[in-house]
Amino acid sequence: MSIDINTVRKVAKLARIRTTDADAEVLSGELNNILSMIEQLNEVKTDGVEPMTSVIEMNLPARADEVTDGDMPDKILSCAPEKAAGFFVVPKVVE
Amino acid sequence: MAHALLKGETGDWEMVIGLEVHAQILTKSKLFSGASAAFGAAPNTQVSPIDAGFPGMLPVINELCIEKAVRTGLGLNAKINLYSVFERKNYFYADLPQGYQISQYQHPIVGEGEIEIDLPDGTTKIIGIERLHVEQDAGKSLHDQHPSKSYVDLNRSGNPLMEIVSKPHMNSAEEAAAYVTKLRAIVRYLDTCDGNMDEGSMRCDVNVSVRKPGDALGTRCEIKNVNSVRFVQQAIEYEARRQIEVIEGGGTIKQETRLFDTKNGTTRAMRSKEDAHDYRYFPDPDLLPLKLEQSFVDDIRKTLPELPDAKKKRFIALGLSNYDASVLTAEKDRAAFYEKVANNNDAKLAANWVTTELAGALNKAGKELHDSPVSAEQLGGLLKLISDNTISGKIAKDVFADMFESGKDAAAIVAEKGLKQVTDTGAIEKIVDEVLAENPDKIAEYKSGKDKLFGFFVGQVLKKSGGKANPAIVNDLLKKKL
Amino acid sequence: MTNLTSLTIRQALDGLKKKDFTATELTEAHIKASEAARHLNCYITETFDHARKQAKESDARYASGRAGLLDGVPIAMKDLYCTEGIQTTAASKILEGFKPPYESTVSGNMFRDGAVMLGKANLDEFAMGSSNTTSAYGNVINPWRSEAEPDKQLVPGGSSGGSAAAVAARIAMGATGTDTGGSIRQPAAFCGITGIKPTYGRCSRFGIIAFASSLDQAGPFARTVEDCALLLQSMAGYDPKDSTSVDRPVPEYFKAVGQSVKGLKVGVPKEYRVEGANPEILALWDKGVAMMKDAGAEIVDVSLPHTKYALQTYYVIAPAECSSNLARYDGVRFGLRENTDNGNLNDMYEATRNAGFGKEVKRRILIGTYVLSAGYYDAYYNKARRVRKLIWQDFINAYQKCDVLLTPTAPTPAFAIGENTADPVTMYLNDIFTIPASMAGMPGMSLPVGLSADGLPLGLQLLGKPFEEETVFKAAGALEKAANFTALPQSLMDKAA
Ligand SMILES: [Mg+2]
Ligand SMILES: [Zn+2]
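Residues numbered from 1 in each chain as written. Chains lettered and ligands numbered in written order. Predicted model: local features only at pLDDT ≥ 70, side-chain atom pairs only at ≥ 80, totals over all residues. Heavy atoms only, no water.

A.B. asks: What is the right way to read the overall build of chain B from this model?
C.D. replies: Broken down by element type, chain B carries 15 helices and 17 strands. Computed over C-alpha atoms, the radius of gyration of chain B comes to 30 Å, more than 25% over the 23 Å expected from 2.2 N^0.38 for 482 residues, which places it beyond the range of a compact globule. For chain B, buried positions account for 55% of its 482 residues. When contacts within chain B are restricted to residue pairs at least 6 apart in sequence, those whose partners lie at least 24 apart make up 69%. Here chain B displays about 20,700 Å² of accessible surface, and carbon together with sulfur accounts for 49% of that area. Mean positive and mean negative side-chain charge positions of chain B (62 and 69 charges, respectively) differ by 3 Å. (Helix = DSSP H or I, 4+ residues; strand = E, 2+ residues; numbered from the N terminus. Rg over C-alpha atoms; globule rule 2.2 N^0.38 Å. Buried < 20%, exposed > 50% of the residue type's maximum accessible area, 1.4 Å probe, protein only. Contact = heavy atoms within 4.5 Å. Areas by Shrake-Rupley, 256 points an atom, 1.4 Å probe, with all protein chains shown as cover. Lys, Arg positive; Asp, Glu negative; His and termini not counted. Charge placed at Lys NZ, Arg CZ, Asp CG, Glu CD.)

Rendered as structure tokens:
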């Protein structure tokens, strides 16, 4: 499999990264190099091997249902590039 | 109930409906953070850095959410999966702070199950459940605060949800409505979701397609976030009609996400969802797989309450009509109220009083059952006075009206107003004699064959007794003397 | 007092306890050294005033006899650790000016124990790199220089390059790093110091900006094995705020340093003897094996057959996780926002992320997005997760035969800034020796064992069983003693001259 310029554009759109045609051209070459390295994995026999999610062999830890966090709107909004009336503000979304 | 078919220009059409219901798990705190999950707070006050997707923040699961998801699964007669995995569903949206929603995909906590729905004509139908998975809610975007901006409130971000996915087993708007109603009753009985649709604690995504009976499934459209049972019905009816018109007009249905407009009862395509999605699900590396012990599930099973269907069957066995049993078990609170009223009283009598007299009075007063001026115990007390012949059914209605007004106990009102039924045959006989003496002409008419006049005599006697004479004794005496 | 910066942490703690000098004096000495070494660009944010305040508090604790494990020790904090109220950038433009309203658990642990923070250390952007050349705040310069080409500026390694260079340049006594595929061990080797990546789950990831969550692990740098042990003891521990944190007691690691390695089984994995390997590196490895043998260890040959696929596995899994982890940098709640003319949300996202992320970060996000996307998931992502399991199994098998593994840390000594940049894959090869243990979550330590012909430090790596950091420290202590590495970076000798 290889990544052509259109694929780069499609993937960049999914990842929300603006990409010019020139960028896409360069990226296509670089990503293909990386991909051809990755494809050496096909040499490995993995039949019957369970995909590994975590190296930790323990159960998912859980917490009690208590309110221990939140109630800090000033802190939560302190880093926002744009805010108003206690809300984060973004360019208008049309649904 | 036979399939409700829609008539089109080219013949009959069948609707195929499946529902995805998002039910907020009833907890104090969020699914993966310790911020409050309560409804209605000021914007961004119930947000921790975890819910806002700040750098380096990590999720830790709320154990009550796991327990309640299992509990709900058991209530849906579903398979509980002892191994489930939280995955990330990746997409960008203003109110999705992490850029992904933590959800379950390949391995949900609950698998297939089924529930029985009650239809208006008194029949029932089994609807399959595909799965139930646990996931985070997103925040809320407000689009009407500013001409060119949207405002984002993350209070809801990270709230715990159960997404309950039905099989496409429904074929009419009524069935879908009955499904949502039953699901809401079940989660309320289980205490796993408050079911408040107007606060968004339960929201429905409705998948609708149409086909000619016997044909393969048509292309479906998903109507997002419909938040009342009535709207579910309206949205389905509109959408099915729309699809039939499109197809009959020579068009094809595009698989898309649509919005329901509550103002005019129509649906329209959602613009922001036009992009083809590729959610790139993968197991969340911040969370390990969730492994449950069978004993954990068994222990929860032991604490399950009697659910609406079981309760309904029991009520019917007590002599209630299918209709009354359905009405009484549809809401957990109503069923509990009824059971208190019926305690040591006749089941049918209690059902009648709860479903007609009390319901009527509440309705007239614009009140809900939970703020009824007459408590279940008080109503039970009134029924006891009827059963032991202290008062007649007719007097009981007056007493009830007084109780509803004053909040007093039935016995107190009866004593106060001297409404105790007269069962002394001698006393009643005296009144009967008086009435007969006063109406010789009517007696003659009666004797010449006008049987209907018997009722006149009964009425006169009761009236003269101030309604307190026992009607059975009055009947007996009149029959004897006429 | 000029010699205060050449003390080890252990020596400094002893001196503070004996009141030979104060924490304030120790901190001032390091601030002065830091100012003199600004050309190395070790810090993105200097926090000298903060350090002075902490040192003063430390002195008060010494005066009242309540000093903690690291009290008064000046350190550098990798700028991937969120520090409350102090700019935290991950070396990215997208987080410029970001002041977290919370503290990472590990930095919090160190402050609890009295550590003094001199600054937020430079790194590769979002920890993605092996040379500290992807930082939006400029390269870090390795304090070491090649004897053959003394005018060439060398990379410190990466991603924790600022941390490693600061410790090597004696402007900090220790430093924190993070290691996802070698980001502690490789810069430690390039800078001639020690560094350990503990077992995955040993240090909390809470408050550390995520690169690849299933691999990221915090760890320390220092100039001696014992100092690393002291730092790790403070950093490590169970944290209920991290669901992958393991609830085990933290041993007093320093007690393992100096213990005899008699009978310790040291495994030598044959697959690390790669074709075309740098002969100097191989010679150093042989030397290290001989040193361990002389110290009483038993050398065993072992095999890690899937080693050659670790790099490929890594470059699927790490980008996949990073593509998702970095989705939160969207210009809405913190960090950079690029506004666009038409005021559309998606345009804002695309412009912000294009302007905010550097080239290497974008490459990895795109690769990660690609391998997770519909149609490729099984071929790449699931395949890599299966191979990862095999790599992990290799280690488990090898540890049936030995207690620790000894390998080179990096395939070459430090290289010049600008080298290895023509093709990303060439740069990625730097991590071939460190990545396998990352994939398997095993603890690994690098320590300097010798010099190249050009006078550059070379490191060896000791890998241990899960949660057996003590065995790693014990082995490292023995190797450190035998290697007796005393060379100093040339930049320090220049100054001395
Ligand atoms: Mg859905
Ligand atoms: Zn959902």
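A.B. asks: So what exactly am I meant to see when it comes to the sheet that holds strand E7 (residues 265-269) of chain C here?
C.D. replies: All names here are of chain C. Strand order in the open sheet formed by 11 strands is E1-E3-E2-E4-E6-E5-E10-E11-E9-E7-E8, with mixed pairing between adjacent strands. Of all strands in the sheet, those with a lone pairing partner are strand E1 (43-46) and strand E8 (298-302), marking the two edges. With direction set aside, neighbouring strand axes in the sheet form an average angle of 30 degrees. Sheet topology places strand E5 (residues 194-197) next to strand E6 (residues 217-222); 2 bridges connect them, and they run antiparallel. Bridge assignment links glycine 195 to a residue of E6, and that residue is phenylalanine 221. (Pairing = 2+ DSSP bridges. Axes fitted to C-alpha atoms, helices over the stretch in contact; angles between N-to-C directions.)

A.B. asks: It is not clear to me how the interface of chain B and chain A should be interpreted in this structure. Could you clarify?
C.D. replies: Many authors give the size of an interface as the accessible area that is lost as the parts come together. With 56 residues of chain B in contact, the opposing surface of chain A contributes 38 residues. For the pair chain B and chain A, the summed buried surface comes to about 4,000 Å²; carbon and sulfur atoms form 61% of the total. The three residues of chain B that bury the most area against chain A are Phe92, Tyr151 and Leu288 of chain B, which together make up 15% of that side's buried surface. For lysine 149 of chain B, the salt bridge goes to glutamate 82 of chain A, with nearest N and O atoms at 3.2 Å. Within the residue set of the side of chain B that touches chain A, elements represented by two or more residues are strand E3 (61-62), helix H1 (63-75), strand E10 (149-153), strand E15 (266-269) and strand E17 (290-291) of chain B. (Buried area = accessible area lost by both parts, 1.4 Å probe. Salt bridge = Lys/Arg side-chain N within 4 Å of Asp/Glu carboxyl O.)

A.B. asks: Hey, could you run me through helix H3 (residues 48-63) of chain C in this one?
C.D. replies: Because each turn of an α-helix spans 3.6 residues, side chains separated by three or four positions in sequence point in the same direction. All names here are of chain C. Between its first and last C-alpha, H3 extends 22 Å over 16 residues, near the 22 Å set by a 1.5 Å rise per residue. Every buried residue of H3 is listed here: Phe48, Ala51, Gln54, Ala55, Ser58, Asp59, Arg61 and Tyr62. Burial along H3 is one-sided: seen end-on, the buried residues are contained in an arc of 155 degrees. Facing away from the buried side of H3 by over 90 degrees, the exposed positions are Asp49, Lys53, Lys56 and Ala63. Elements in contact with the buried residues of H3: helix H1 (9-17), helix H2 (23-36), E1, helix H4 (105-112) and strand E3 (116-121). In the stretch just after H3, glycine 65 is the one whose phi turns positive, near 70 degrees. (Expected span 1.5 Å × (residues − 1). Arc of directions from axis to C-beta.)

A.B. asks: It is not clear to me how the interface of chain A and chain C should be interpreted in this structure. Could you clarify?
C.D. replies: Taken together, the contact pairs 50 residues of chain A with 65 residues of chain C. Carbon and sulfur atoms make up 69% of the area that chain A and chain C hide from each other, which totals about 5,300 Å². For the pair chain A and chain C, the interface holds 17 residue pairs in polar contact (both at pLDDT 80 or more). Elements that contribute at least two residues to the side of chain A that touches chain C include exactly helix H1 (5-14), helix H2 (21-38) and strand E3 (87-91) of chain A. Its residues assigned to classes, the side of chain A that touches chain C comprises 31 nonpolar, 7 polar and 12 charged. (Polar contact = N/O pair within 3.5 Å; in protein donor to acceptor, adjacent residues only side chain to side chain. Nonpolar A, V, L, I, M, F, W, Y, C, P; charged D, E, K, R; others polar.)

A.B. asks: How do you make sense of the pattern of salt bridges when you look at a structure like this?
C.D. replies: Pairs can form between side chains of opposite charge once their charged atoms are near each other. Here the structure, examined in full by the defined rule, presents 59 salt bridges over all chains. Across the salt bridge formed by lysine 7 of chain B and aspartate 12 of chain B, the nearest N and O atoms sit 2.9 Å from each other. Its relative accessible area of 59% is what places lysine 7 of chain B among the exposed residues. Judged by its relative accessible area of 28%, aspartate 12 of chain B is partly exposed. Among the ionic contacts, a cluster of salt bridges with common partners joins Arg88, Asp284 and Asp286 of chain B together with Arg205 and Asp242 of chain C.

A.B. asks: What exactly am I supposed to notice about the pairing of strand E9 (residues 404-408) of chain C here?
C.D. replies: In the case of a regular strand, side chains alternate between the two sheet surfaces. All names here are of chain C. The buried fraction of E9 is high, at 5 of 5 residues. Alignment of E7 against E9, held across 2 bridges, turns out to be parallel. The residue of E9 that forms the bridge with valine 266 is valine 404. Pairing analysis gives 5 bridges linking E9 to strand E11 (residues 457-464), with the strands arranged antiparallel. When the bridges of E11 are listed, threonine 407 appears paired with glutamine 461.

A.B. asks: I would appreciate a short explanation of the packing of helix H5 (residues 308-317) of chain B against helix H7 (residues 332-342) of chain B in the present structure.
C.D. replies: The packing of two helices is summarised by the inter-axis angle and the distance between the axes. Residues and elements named next belong to chain B. Where H5 meets H7, the closest approach of the two axes is 12 Å, and the angle between their N-to-C directions is 30 degrees. Looking at the two axes, H5 sits roughly parallel to H7. The element H5 and its partner H7 pack so that their crossing is left-handed. Residues Lys311, Arg314 and Phe315 of H5 form the contact with H7, whose own contacting residues are Ala335, Tyr338 and Glu339. Among the residues forming the contact of H5 with H7, the class breakdown is 3 nonpolar, no polar and 3 charged. (Parallel < 35°, antiparallel > 145°, perpendicular 65-115°, else oblique. Left-handed = near helix turned anticlockwise from the far one by under 90°.)

A.B. asks: Got a minute to help me understand the sheet that holds strand E16 (residues 282-283) of chain B in this structure?
C.D. replies: Residues and elements named next belong to chain B. Here 3 strands make up an open sheet; going across it, the order is E6-E5-E16 and the pairing antiparallel. Only two strands of the sheet have a single partner each, and these edge strands are strand E6 (100-104) and E16. Across 5 bridges, strand E5 (residues 86-90) lies against E6 in antiparallel orientation. Looking at E6, one finds that phenylalanine 86 is bridged to glutamine 104.

A.B. asks: Teacher, can you tell me more about the packing of aromatic side chains here?
C.D. replies: The geometry of an aromatic ring pair is captured by the separation of the ring centres together with the interplanar angle, meaning the angle of the planes. Following the criterion strictly, the structure yields 33 aromatic pairs over all chains and no others. With a centroid separation of 6.1 Å and 50 degrees between ring planes, the pair formed by phenylalanine 54 of chain B and phenylalanine 98 of chain C is classed as tilted. Here phenylalanine 98 of chain C lies in the loop between strand E2 (74-78) and H4 and phenylalanine 54 of chain B lies in the loop between strand E2 (11-24) and E3, a pairing that spans two chains. The exposure class of phenylalanine 54 of chain B is buried, given its relative accessible area of 0%. (Phe/Tyr/Trp six-rings, centres within 6.5 Å; stacked < 30°, edge-to-face > 60°.)

A.B. asks: Would you take a moment to explain the coordination of the zinc ion (ligand 2) for this structure?
C.D. replies: Note on metal sites: the ideal angle is 109.5 degrees for four tetrahedral donors, and 90 or 180 degrees for six octahedral donors. Residues and elements named next belong to chain B. Bound to the zinc ion (ligand 2) are the protein donor atoms His22 (NE2), Glu135 (OE) and Glu163 (OE), situated 1.9 to 2.1 Å from the metal. In primary sequence terms, the donor set of the zinc ion (ligand 2) follows H-x112-E-x27-E. Metal-to-metal, the separation of the zinc ion (ligand 2) and the magnesium ion (ligand 1) is 4.0 Å. Of this pair, histidine 22 sits in strand E2 while glutamate 163 sits in strand E11 (residues 160-166), and the two are 141 residues apart along the sequence. Of the residues examined, histidine 22 reaches a relative accessible area of 11% and is grouped as buried. Look at glutamate 163 and you get buried, because its relative accessible area is 10%. (Donors = N, O, S within 2.8 Å, 3.2 Å for Na, K, Ca; no water.)

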